[in-house]
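These are the residues of each chain, in order.
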Amino acid sequence: MDALPIARLQFATTTSFHFLFVLLTLGLVTLVAVMQTRSAFGGKPELTRMTRFWGKLYVINYALGIVTGIVMEFQFGLTWTGLSAVAGDVFGAPLAIETLVAFFAESTFLGLWIFGFGRLNKWVHLTLIWLVTLTAYASALFIMVANSFLQNPVGTHVENGVLKLDDFGALFTNPALAMSLPHVLSAALMTGGFFVVGVSAYHFIKRTKEIEFFRRSMRVGVLTSLVGSTMVIGFGFAQFGPLGEYHPGKLETAEPLVGAPLGLMIQIGFIAFLASSLGTLLLFRNWITKVRPLLYVMVLAIPLPFFAAISGWLVREIGRQPWLIRGHLTTADAVASIPAGQILFSFIAFTLLFLVLAIADWVLMSRVARRGPEPEEEATAPRAELPVLSGV
């Protein structure tokens, strides 16, 4: 039994699961920060309730996403020891910084934000959610810096078969990062927008009494979806240009698996753009909540950005093969010298754990989403218990 395909399948599966959590986390935290900003500057009471409701869904996804990230980190030490041996000094630096940003700074700010509802000055509390948002984006930056190094190992030289870092700043000006980072962030905005629109549409299907609440939420979600889908298409095609990592010549020589996810990603991207454009038009005509068949389509469309994002990730990673670090280390040489059976066992164990986490995330978020926002008097009152997660 060959260990290489098992190791590749293991990494593809676990990183795909984790990426799904990350996308929704980045998208939702941005929307929550915007909602709270509007609320702080004298918005209507619905904006405070929107901040709590969508913030609750964000926290659930964030908490379970952190667990998937911890599990994923084990793979570098267990399965891909060749990567650490050849480029550990370079590749490990942005990952270490990301860990400090994500697990310490972001988590600390988020904890203060959760417990600060009704207790902290509104401007201090608003600052906290924006700090959470900025550290989340910083985390994405350092992850993409590390990944872009694998695509294009800049700022290094080879010494005794090991890559040594010459210029840390070169990692941040990497051409492979220039368009891929905003592409990922745009995909997160599109994902968050589609999620908010879909949940809002569900409540209109159920003939909710919270008409103003979900009308405002849908407006935010539709506009965010339009901005995100427009940007994701633009930055996606820009990656085929001079600043991009890919161009048709490279795709033609890559593994034949690249074509299918590339086509799916492009098709979903354009569908998302057209749907968001139509939704924006109907929104300003006040028709968007009155066409019931369209509401069902909105609910069913929630998974579309996730499918597109995973397809894009597969294009980026498979397109680099057979290299793990382009031009320096092949994927086959990076696999640890351990029996294939052990890798298969860890693959099964990790996959089962990720399935449990994904199901738990879906169940908890579905329960909160179906329940809807809390009454206005509860949303504005300080409490002794955990204000965002209470009632899950």
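Residues numbered from 1 in each chain as written. Predicted model: local features only at pLDDT ≥ 70, side-chain atom pairs only at ≥ 80, totals over all residues. Heavy atoms only, no water.

1. Quick look at the overall build of the protein
Each helix and strand in the protein was counted, giving 14 helices and four strands. Relative to the globule expectation of 21 Å for 392 residues, the C-alpha radius of gyration of the protein, 22 Å, shows essentially globular dimensions. Projected onto the principal axes, the alpha-carbon positions of the protein cover approximately 65 × 45 × 40 Å. Counting the 392 residues in the protein, one finds 53% classified as buried. Total accessible area on the protein stands at roughly 17,200 Å², and carbon and sulfur atoms take up 71% of it. Here the protein carries 26 positive and 22 negative side-chain charges, and the mean point of each set is 16 Å from the other. (Helix = DSSP H or I, 4+ residues; strand = E, 2+ residues; numbered from the N terminus. Rg over C-alpha atoms; globule rule 2.2 N^0.38 Å. Buried < 20%, exposed > 50% of the residue type's maximum accessible area, 1.4 Å probe, protein only. Areas by Shrake-Rupley, 256 points an atom, 1.4 Å probe, with all protein chains shown as cover. Lys, Arg positive; Asp, Glu negative; His and termini not counted. Charge placed at Lys NZ, Arg CZ, Asp CG, Glu CD.)

2. Thoughts on helix α6 (residues 180–205)
Look at α6: 37 Å from first C-alpha to last across 26 residues, which is about the 38 Å you get at 1.5 Å a residue. Counting buried positions along α6 yields 25 of 26 residues, so the element is predominantly enclosed. Where α6 ends, the next residue or the one after it, R207, has phi of about 55 degrees, a positive value. (Expected span 1.5 Å × (residues − 1).)

3. Section: the pattern of salt bridges
Following the criterion strictly, the structure yields six salt bridges and no others. Here the salt bridges share partners, and the residues they tie into one network are E212, R215 and R216. (Salt bridge = Lys/Arg side-chain N within 4 Å of Asp/Glu carboxyl O.)

4. Looking at the side chain of T191
Looking at the secondary structure, you find T191 in helix α6. Since its relative accessible area comes to 0%, T191 is described here as buried. Apart from the residues within four sequence positions on either side, T191 is in contact with L23, L24, P305 and F306. (Contact = heavy atoms within 4.5 Å.)

5. Some points on the packing of aromatic side chains
Scanning the entire structure with this criterion turns up 13 aromatic pairs. Aromatic side chains W113 and F117 sit 4.9 Å apart centroid to centroid with 65 degrees between the ring planes, which places their arrangement in the edge-to-face category. In this structure W113 comes out as buried when scored by relative accessible area, which is 0%. Here the aromatic rings of F168 and F172 are separated by 5.2 Å at their centres, their planes lie at 70 degrees, and the arrangement is edge-to-face. Taken together, the aromatic side chains of F53, W54, F195, F213 and F214 make up a single cluster linked through ring pairs. (Phe/Tyr/Trp six-rings, centres within 6.5 Å; stacked < 30°, edge-to-face > 60°.)

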